[in-house]
Amino acid sequence: DAFRRRGGVLVAVFVLAGCGDSSGDAAAEALTEGDALEIVEAYYTAAEAGDADGIAATFAEAPVISGSTDLAETLNFLVWDAAQGTVLVDRTCTAGGAESVSIVVVCGYGNHQYLLRVVDAPATPITETITVTAAGIEEMDASYGGPLFPANDAFNPWMLANNPQDAAAADCCGGDG
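These numbers come from a predicted model, not from an experiment.

Rules behind the numbers
Residues numbered from 1 in each chain as written. Predicted model: local features only at pLDDT ≥ 70, side-chain atom pairs only at ≥ 80, totals over all residues. Heavy atoms only, no water. Pairing = 2+ DSSP bridges. Helix = DSSP H or I, 4+ residues; strand = E, 2+ residues; numbered from the N terminus. Axes fitted to C-alpha atoms, helices over the stretch in contact; angles between N-to-C directions. Salt bridge = Lys/Arg side-chain N within 4 Å of Asp/Glu carboxyl O. Buried < 20%, exposed > 50% of the residue type's maximum accessible area, 1.4 Å probe, protein only.

A. Looking closely at the sheet that holds strand S5 (residues 136–144). Within the open sheet, the five strands sit side by side as S1-S5-S4-S3-S2. Their pairing is mixed. Because the sheet does not close on itself, it has two edges, and the strands there are strand S1 (59–65) and strand S2 (87–96). Mean inter-strand twist for the sheet, computed between neighbouring axes without regard to direction, equals 20 degrees.

And the structure:
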């Protein structure tokens, strides 16, 4: 399938990044815009599939992810998001800079949660700025535009009023399972 082909490309990128001069590590190796975009695409493909191992494979060791305490928390959220039916719409990514040790990729898309689609609410616009090295994704920062998840603003109070025993479990983002 397409993910496995991209996964093979991703593995090849990491293997090739590790080859060559042994005086530096993979993070110090030069990267092209195409390489960075392939890593980011592999990340989104795995995230949309809820594939925690695939997502983790796109990150460098100890990445900095805004709004998250660690990679495990991010994986939990992304798998939860895929399982609850979120789709990413109209994604476009651009890479800045020529061959470099790190390349910044900026992606814009709409985060369209299942609940938002059911009530025909618009997708929440998100812009992610992703710093990529040959070791993988080193840093991610997301900014959200309006409207922020409007169906949730109605659903969460309704759950609390009508199903208080289940309200915490139905709230965002996977928490403890």
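B. Structural context of the pattern of salt bridges. In total, this model carries two salt bridges according to the counting rule given. Residues Arg-91 and Glu-41 are paired through a salt bridge, measuring 2.8 Å at the closest nitrogen-oxygen approach. Of this pair, Arg-91 sits in strand S2 while Glu-41 is found in helix H2 (residues 33–49), placing the two residues 50 residues apart along the sequence. Among the ionic pairs, Arg-91 bridges to Glu-48, the shortest N-O distance being 3.3 Å. Residue Arg-91 is found in strand S2, and its partner Glu-48 is found in helix H2; the two are separated by 43 residues along the sequence.

C. Inspection of unusual backbone geometry at higher detail. The peptide bond linking Gly-146 to Pro-147 adopts the cis configuration, its omega dihedral lying at 0 degrees. Inspection of the secondary structure assignment puts Pro-147 in the loop between S5 and helix H6 (150–162). With phi around 55 degrees, Asp-90 is a residue other than glycine that occupies positive phi space. Inspection of the secondary structure assignment puts Asp-90 in strand S2. A positive phi is found at Asp-120, a non-glycine position, where the angle reads about 60 degrees. Structurally, Asp-120 is set in the loop between helix H5 (114–118) and strand S4 (124–133). Owing to a relative accessible area of 71%, Asp-120 belongs among the exposed residues under this scheme.

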